[in-house]
Amino acid sequence: MSTFENKVVFVTGAASGIGHATAAYFMARGAQVFATDLNTQGLTQAVSQWHEQGLPCVAYTLDVSDPSACENAMSTCLEQFGRLDVLCNVAGIGQLTDFASLSIEDWERVLRVNASSVFYLCKFAMPHLLAVQGNIVNVASTAGVVGLPYNAGYCASKGAVVQFSKALAVEYADRHVRVNVVCPGAVATPLAKQLQPPPNANMSLYQRMYPLVQPVATPNEIAHTIGYLASDDARFVTGTVQIIDGGQTAI
Ligand SMILES: NC(=O)c1ccc[n+]([C@@H]2O[C@H](COP(=O)([O-])OP(=O)(O)OC[C@H]3O[C@@H](n4cnc5c(N)ncnc54)[C@H](O)[C@@H]3O)[C@@H](O)[C@H]2O)c1
């Protein structure tokens, strides 16, 4: 089993779902985790449970759509732990809307939270990752590789994460900072539970979002892939777009 002893991992979206499972995965393998989320209450609850189990982490409230907040968070992580080995950009939002109802405000928000945030944190993390030959794992979605109905804003944001990550992987390969992307399909999390098709949705198109394998993925299953990509076992893996979707995009 890969070990993350003496490694420091920065995780966004750590209060819930995939981010929560990812933070727990790294701590269980010896990492110290800088656990961030916009939801202070959810984060405090998660971190106090981890502290009760003796797991080493620091909680930090962060709105990833705010660039100066991202810069401050990165500085605090470095002050606390003195190094950064892995950045996991997991936080995200989703909403199903038909294109005609997608407002300019919703478009800008989903791009800021899901895509610009990844740019901000990678930018502020990169000098520290270069110092230790660390790596980045970004969470996009199958919506970043295929067109999904009622998801124009979300698809645009996740497509941006996929292409941004590949560009960064290429630019930093010779300096040994790896950058990989995970693209989950359906995962049982609060985000997925609140998604409803818009009124008058074409349900035959909507089925494009269903996996062939049931039941849908657990957050832990996604965290395991994130953990592999972040580990030394994946030394030769960079610029990869790892789809985990129960066959959703295979047909
Ligand atoms: N659940 C799925 O089916 C699924 C599928 C594909 C991709 N994803 C992606 O996985 C990631 C995690 O989603 P999840 O399903 O675990 O959802 P979730 O809602 O359980 O967790 C998302 C977390 O992100 C946090 N967050 C939201 N906006 C934020 C902001 N501005 N700043 C900081 N934190 C913020 C939330 O508070 C929450 O704790 C997202 O990027 C999502 O797009 C999820």
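Just above sits the structure.
To start, this report covers the structure provided alongside it. (Residues numbered from 1 in each chain as written. Predicted model: local features only at pLDDT ≥ 70, side-chain atom pairs only at ≥ 80, totals over all residues.)

Before going further, it helps to spend a moment on the overall build of the protein chain. The secondary structure content of the protein chain amounts to eight helices and seven strands. In terms of overall dimensions, the protein chain is globule-like: its C-alpha atoms have a radius of gyration of 17 Å, near the 18 Å expected for 251 residues. Overall, the protein chain is about 55 × 40 × 35 Å in size when its C-alpha atoms are taken along their principal axes. For the protein chain, the residues scored as buried account for 47% of the 251 residues in total. Considering only contacts in the protein chain between residues 6 or more positions apart, those separated by 24 or more positions represent 76%. (Helix = DSSP H or I, 4+ residues; strand = E, 2+ residues; numbered from the N terminus. Rg over C-alpha atoms; globule rule 2.2 N^0.38 Å. Buried ≥ 20, exposed ≤ 12 C-beta atoms within 10 Å, placed from the backbone. Contact = placed C-beta atoms within 7 Å.)

Among the five residues in strand E1 (residues 8-12), five count as buried, and that is most of the element. The two faces of E1 match: Val 8, Phe 10 and Thr 12 on one face and Val 9 and Val 11 on the other face are all buried. Bridge count for E1 against strand E2 (residues 32-37) is five bridges, and the pairing is parallel. In the sheet register, Val 8 faces E2, and the bridge partner there is Gln 32. Sheet topology note: the E1/strand E4 (residues 86-89) ladder contains three bridges and is parallel. By the bridge assignment, Val 9 is partnered in E4 with Val 86. (Pairing = 2+ DSSP bridges.)

The next point concerns the packing of helix H1 (residues 17-28) against helix H8 (residues 219-230). Viewed as axis vectors pointing N to C, H1 and H8 meet at an angle of 55°, and their least axial separation amounts to 8 Å. Accordingly, the angle class assigned to the pair H1 and H8 is oblique. By crossing handedness, the relation of H1 to H8 is classed as right-handed. Where H1 approaches H8, its residues Gly 17, Ile 18, His 20, Ala 21, Thr 22, Tyr 25 and Phe 26 are matched on the opposing element by Pro 219, Asn 220, Ile 222, Ala 223, His 224, Ile 226 and Gly 227. When its residues are assigned to classes, the contact of H1 with H8 shows eight nonpolar, six polar and no charged. (Axes fitted to C-alpha atoms, helices over the stretch in contact; angles between N-to-C directions. Parallel < 35°, antiparallel > 145°, perpendicular 65-115°, else oblique. Left-handed = near helix turned anticlockwise from the far one by under 90°. Nonpolar A, V, L, I, M, F, W, Y, C, P; charged D, E, K, R; others polar.)

This next bit is on the site of the ligand. Of all residues adjacent to the ligand, which total 30 residues, the nearest are Gly 13, Gly 17, Gly 92, Thr 189 and Leu 191. Looking at the shell around the ligand, the elements that each hand over two or more residues are H1 and helix H6 (190-193). A breakdown of the residues in the shell around the ligand according to their chemical character gives 16 nonpolar, 12 polar and two charged. (Near = placed C-beta within 6 Å.)

Okay, the nonpolar core next. By size, the foremost hydrophobic cluster in this structure holds 68 residues, and its most contacted members are Val 9, Val 33, Ala 35, Leu 87, Leu 121 and Ala 125. Looking at this core element by element, the count peaks at nine residues for helix H4 (residues 104-132). Non-local contacts of Val 9, meaning those with residues more than four positions away in its chain, are made with Phe 4, Phe 26, Ala 31, Val 33, Asp 85, Val 86 and Cys 88. Ranked by size, the runner-up nonpolar core spans six residues in total, among them Ala 143, Leu 148, Cys 155 and Met 209. (Core = buried A, V, L, I, M, F, W, Y, C linked by C-beta atoms within 7 Å.)

Let us now look at the sheet that holds strand E5 (residues 135-139). Strand order across the open sheet formed by seven strands is E3-E2-E1-E4-E5-E6-E7, with parallel pairing between neighbours. The sheet is open, and its two borders are formed by strand E3 (57-61) and strand E7 (241-244), each paired with just one other strand. Along the sheet, successive strands turn relative to each other by an average axial angle of 15°, direction set aside. Sitting on the sheet, helix H3 (residues 67-81) is in contact with E1, E2 and E3, with an inclination near 155° to E2.

Right, let's get into unusual backbone geometry. It is generally the case that most residues other than glycine have a negative phi and that most peptide bonds are trans. Cis geometry marks the peptide bond from Gln 214 to Pro 215, where omega comes out at -5°. Assignment of secondary structure puts Pro 215 in the loop between helix H7 (203-206) and H8. Of note, His 176 is a non-glycine position whose phi angle comes to about 65°, a positive value. Within the secondary structure layout, His 176 lies in the loop between helix H5 (152-172) and strand E6 (178-184). By the C-beta count within 10 Å, which is 14 here, His 176 ends up partly exposed.

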